[in-house]
Amino acid sequence: MSNEATTAASPATAGGIATYIDHTLLKPEASEAEVLRVCAEAAEYGFKSVCVNAVWVKTVKNALQGSGVLTCSVVGFPLGATPTDVKTFEARGAVLDGADEVDMVINIAAARADDKGALVEDIAAVAEAVHASGAILKVIIETSLLSDSQKILACEAAVAAGADFVKTSTGFNGGGATAEDVALMRRTVGPSLGVKASGGVRSLADAQAMIAAGATRIGASSGIAIVKGEQGTSAY
């Protein structure tokens with residue numbers, strides 16, 4: 001588990017908030033030029049990572065070499081509805097290609113069915129594959145599709161399965177991060193895991209509210225607007 005994942009968040013200014021941000025480009029039509037632009041932005045502003053679909057991991061890793069910015073890939077994205085062995089294969093490939101972090105989507109149907117055992121099994125298999133290469137695992141629970149009790153169940157499963165973070169949303173299934181959900185997730189996982197707020201975080205005020213609620217990472221495609229104290233327009 002990363003030390004960063006366990007660090008309690010403190011109030012962040014526009015100048016210091018960049019290190020919380022996973023600069024994100026997950027739209028399926030993203031071009032290589034767009035991916036490289038995001039990498040250049042991340043290096044310029046000092047974002048924590050660049051988060052992309054797995055097909056771009058090698059490109060991002062090469063572009064970020066020497067910058068100190070991490071490479072992050074998504075797995076089982078955006079539905080979480082692929083079998084565990086497929087998610088595990090995808091995660092293993094991502095870390096072999098150079099991903100430092102993997103954000104996986106849970107089996108949302110299992111969470112809605114209150115099947116904690118299935119959730120633990122799904123997450124633990126991916127965690128094992130990710131941790132074998134020294135990478136860290138963030139678990140997307142898709143808060144907009146879950147009741148509060150199901151959110152708690154999913155977070156408890158992530159803890160039991162050895163994940164490093166829990167994450168609110170994909171940004172692709174309606175809804176997004178709320179301070180209330182971040183606070184609920186933080187109370188559930190305690191200080192041992194990171195909490196990533198993602199989906200709809202478009203301004204410095206949004207990001208500061210998430211950090212105040214307990215987030216230690218922000219997933220956003222409006223990272224530049226956030227650090228400049230402006231209003232972003234992208235949904236994710």
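All values reported here derive from a predicted model rather than from experimental measurement.

Residues annotated in UniProt with the feature "active site" (unreviewed entry) correspond here to Asp103, Lys167 and Lys196. These residues run over 94 residues, yet every pair of their C-alpha atoms falls within 10.0 Å of each other. You can see Lys196 is positioned in strand 7 (residues 194-198). Those residues in contact with Lys196, other than ones at most four positions away along the chain, are Asp22, Asp103, Lys138, Phe165, Val166, Lys167, Thr168, Arg217, Ile218 and Gly219.

Below, the discussion takes up helix 2 (residues 32-45). Along its 14 residues, helix 2 runs 20 Å from first to last C-alpha, staying within 8% of the 20 Å computed at 1.5 Å per residue. Listed as buried for helix 2 are Val35, Val38, Cys39, Glu41 and Ala42. In an axial view of helix 2, the angular spread of the buried residues amounts to 160 degrees, which keeps them on one side of the axis. Structural note: helix 2 exposes Ala33 and Glu44 on the side pointing more than 90 degrees away from its buried face. Next to the buried residues of helix 2 lie strand 1 (21-25), strand 2 (49-52), helix 3 (57-63) and helix 10 (223-228).

For strand 3 (residues 70-75), the tally of buried residues reaches five of six residues, placing the bulk of the element in the interior. Where strand 2 meets strand 3, four bridges bridge the pair, whose relative direction is parallel. Note that in strand 3 the partner of Val50 across the bridge is Thr71. In this fold, strand 2 hands off to helix 3, which returns the chain to strand 3; that crossover is right-handed. In terms of strand pairing, strand 3 meets strand 4 (residues 101-105) through four bridges, oriented parallel. Its bridge partner being in strand 4, Ser73 is matched across the sheet by Val102. Of the crossover connections in this fold, the one passing from strand 3 over helix 4 (residues 84-97) to the parallel strand 4 is right-handed.

Quick look at the pairing of strand 1 now. Every other side chain in a regular strand lies on the same face of the sheet, so the side chains alternate between the two faces. Burial analysis of strand 1 places five of its five residues in the buried class, the great majority of the element. Side chains of strand 1 alternate between two faces, with Ile21, His23 and Leu25 and Asp22 and Thr24 buried alike. Judged from the three bridges that link them, strand 1 and strand 8 (residues 217-220) form a sheet pairing that is parallel. Residue His23 lies in a different strand from strand 8, and its bridge partner there is Ala220. With four bridges joining them, strand 1 and strand 2 adopt parallel strand pairing. What sits directly across from Leu25, in strand 2, is Val52. The parallel pair strand 1 and strand 2 is bridged by helix 2, and the resulting crossover is right-handed.

Parameters at a glance
- Residues numbered from 1 in each chain as written.
- Predicted model: local features only at pLDDT ≥ 70, side-chain atom pairs only at ≥ 80, totals over all residues.
- Heavy atoms only, no water.
- UniProt positions renumbered as here; feature names shortened; annotations may be inferred.
- Helix = DSSP H or I, 4+ residues; strand = E, 2+ residues; numbered from the N terminus.
- Contact = heavy atoms within 4.5 Å.
- Expected span 1.5 Å × (residues − 1).
- Buried < 20%, exposed > 50% of the residue type's maximum accessible area, 1.4 Å probe, protein only.
- Arc of directions from axis to C-beta.
- Pairing = 2+ DSSP bridges.
- Right-handed = clockwise from strand over helix to strand, strands pointing away.

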